[in-house]
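Coordinates in review
Next come the chains, spelled out residue by residue.
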Amino acid sequence: MTDTVLSIRNLTAFYGDFQALFGVDLTLQRGQALAIIGANGAGKSTLMRAITGILPSPAEAILLNDRPIGALSAPEVLEVGISMVPEGRRLFPSLTVEENILIGAHSRTGNGYWTLEAIYDLFPILKERRHNPGTALSGGQQQMVAIGRALMSNPDVLLCDEISLGLAPVIIRDIYASFPRIRESGASVIVVEQDIGQALKVADHVCCMMEGRITLSGAPEELSRDAIHDAYFGVSA
Amino acid sequence: MIWVDTIVQGILLGGLYALFAAGLSLVFGIMRLVNLAHGDLIVLAAFLILTVVNLLGLSPFVAVLIAAPVMFAVGWALQTYVLNRVLGDDILPPLLVTFGLSVVIQNGLLEGFSADSQKLSAGPIEAASLPLGPITVGVMPLLTLISAVAVIFALNQLFYRTKLGRAFRATSDDAVTAGLMGIRPRNVFAIATGIAMVVATIAALYLGIRANFDPSIGPARLIYAFEAVIIGGLGSLWGTLAGGILIGVAQALGAAVNPEWQILAGHIAFVLVLLIRPRGLFPRAND
């Protein structure tokens, strides 16, 4: 097995006749945290939807541990080891906080690092609120539930789609404080962010997307402010 | 005292309506599907019980144990091979398909069993009664209500205490996100319809013992069931029980005033509830 956990090769995606992704190439190394930045409509969320199987893709366009998974459905993608914290959290309003977390383990068969207790240890406030409806919590706490829910399947790859959207900076800091422990658990992480500063802080590698293409890729320390600006907005600073 | 007796008889009758409605409520609650063939599927189950009784010489109460798993399979297959194909954002295709199914079941039963009225015979228990203080209640109606409460209780336990129930509720909330959790919504729907058909079989048992049935009576059962679900609040199982009882009591009171008013009184109660509480008595908060 190589050190590459997730590999995307020449991925295209369509919404009807509208092409949203144009030949995207991406590699995620084991244990890496990769940030994908880009403006609204750049194709970041489409890329997440393609990886998780919500949008159909050619089988060979997405490889997980060298296995083609592009043609799998969303439940199958979860079972092979990719889970997602969806944009807007998407908690289930009929379920309590604890049920929302537990449902992340719906199709899990074996044991693993992440258990209900481990999630409560990561986000202690959730234990106090475990009997509340998931949607009765604050935005930040809901995001913690969504992250806990995604971890419960013990994924090889955790996708986080815009987890800082609409949250106060202090809450965002608290949520990202959980990332070192998530990476310790063995999960590689892809973070989709509009907040460039946050992305550069949390990631080992950054890709910038614009209009369905990756326009820049590199380690945060290698990327100049101007290069990111150009790749993000498509114009020179 | 006659009014107390009337209301008690109405409550007991409501148990039967709640049984008609519980399967409908379950399916609607999970997949927002209004199954217009639900009444006909109850009648189908009644004929299935009758067939088992005739072939094996069993009591209907034993025959239902054979019919229920068969009806589960019917429900599962119906959902997997027919209804899952038409479920989507547009509510019209499932309505049309279940309407067509209703016609097909009625005509199929007519072909197979003729238009003759049939009845399930439960023996002496049908005429048995219990003194309950100043009034007397029939054992069968009492058993029907107890069964309705037990079915609703069991469905609630399933919904709120099991992993499957969690998957039911999550899928009902948001099928796409449920897919991200490894839940296969179509499988969940198939199991739900299977369970609804088991409940329909229990309803069929009491329907067949209480009164005559023939292939054409399904749609009228559907109306009572539908009214019970709407009165209770869409997707609320205890609400469905309350809705069934409300219709039962209204019908009993209507009949006490004038026997011709029985059915009408039930429908008037339904319209009144809709006027006062358009979302039903116990609507789900997130609908």
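Since this is a predicted model, take the numbers as computed values, not measurements.

What to know about the UniProt feature "transmembrane region" (unreviewed entry) in chain B
Residues and elements named next belong to chain B. Those places that UniProt annotates as "transmembrane region" (unreviewed entry) correspond, in this numbering, to residues 6–29, 41–71, 130–155, 188–209, 221–249 and 261–277. With 65% helix and 27% strand, residues 130–155 has its two end C-alpha atoms placed 28 Å apart. Helix makes up 88% of residues 261–277 and strand 0%. Its end C-alpha atoms lie 24 Å apart.

Looking at the sheet that holds strand β9 (residues 205–210) of chain A
Residue and element names in this part refer to chain A. Spatially, β6-β7-β8-β3-β9-β10 is the arrangement adopted by the 6 strands of the open sheet, whose pairing is mixed. Every other strand in the sheet has two partners, leaving β6 (82–85) and β10 (213–218) as the edge strands with one partner each. Adjacent strand axes in the sheet meet at a mean angle of 20° when their direction is disregarded. As defined by bridge partners, strand β7 (residues 157–161) adjoins strand β8 (residues 188–193) across 5 bridges and the pair is classed as parallel. When the sheet's bridge partners are listed, L159 is paired in β8 with I190.

Some thoughts on unusual backbone geometry
Residues and elements named next belong to chain A. Residues other than glycine seldom take positive phi values, yet R90 does so here, at roughly 50°. Relative to the elements of secondary structure, R90 occurs in the loop between β6 and α3 (97–102). Not every positive phi belongs to a glycine, and E211 is a case in point at roughly 50°. Assignment of secondary structure puts E211 in the loop between β9 and β10. Residue class for E211 comes out partly exposed when judged on the 15 C-beta atoms lying within 10 Å of it.

Regarding the environment of V157 of chain A
Residues and elements named next belong to chain A. Within the secondary structure layout, V157 lies in strand β7. Each C-alpha atom, one on V157 and one on I214, is 20 Å from the other, the two residues being 57 residues apart in sequence. In contact with V157, not counting residues within four places along its chain, are V5, L6, L28, G81, I82, A187, S188 and I190.

Description of the environment of P58 of chain A
All names here are of chain A. Structurally, the position occupied by P58 is in the loop between α1 (44–51) and β4 (62–64). Taking the number of C-beta atoms within 10 Å as the measure of exposure, P58 has 15 and is therefore partly exposed. Taking the C-alpha atoms as reference points, P58 and L34, 24 residues apart in sequence, are found 23 Å from one another.

What to know about the interface of chain B and chain A
The interface is formed by 16 residues belonging to chain B together with 20 residues belonging to chain A. Elements with a minimum of two residues in the side of chain B that touches chain A: α6 (163–173) and α7 (175–180) of chain B. Considering only residue class, the side of chain B that touches chain A consists of 6 nonpolar, 5 polar and 5 charged.

Here we look at the sheet that holds strand β5 (residues 67–68) of chain A
All names here are of chain A. In space, the 4 strands of this open sheet follow the order β2-β1-β4-β5, with antiparallel pairing throughout. If you trace the sheet from one side to the other, it starts and ends with β2 (18–29) and β5, each paired once. Taken together, the 2 bridges between β4 and β5 define a ladder with antiparallel strand orientation. Its bridge partner being in β5, L63 is matched across the sheet by P68. Taken strand by strand, α1 contacts β1 (4–15), β2 and β4, and its axis lies near 70° from that of β2.

Thresholds, definitions, all that
Residues numbered from 1 in each chain as written. Chains lettered and ligands numbered in written order. Predicted model: local features only at pLDDT ≥ 70, side-chain atom pairs only at ≥ 80, totals over all residues. UniProt positions renumbered as here; feature names shortened; annotations may be inferred. Helix = DSSP H or I, 4+ residues; strand = E, 2+ residues; numbered from the N terminus. Pairing = 2+ DSSP bridges. Axes fitted to C-alpha atoms, helices over the stretch in contact; angles between N-to-C directions. Buried ≥ 20, exposed ≤ 12 C-beta atoms within 10 Å, placed from the backbone. Contact = placed C-beta atoms within 7 Å. Nonpolar A, V, L, I, M, F, W, Y, C, P; charged D, E, K, R; others polar.

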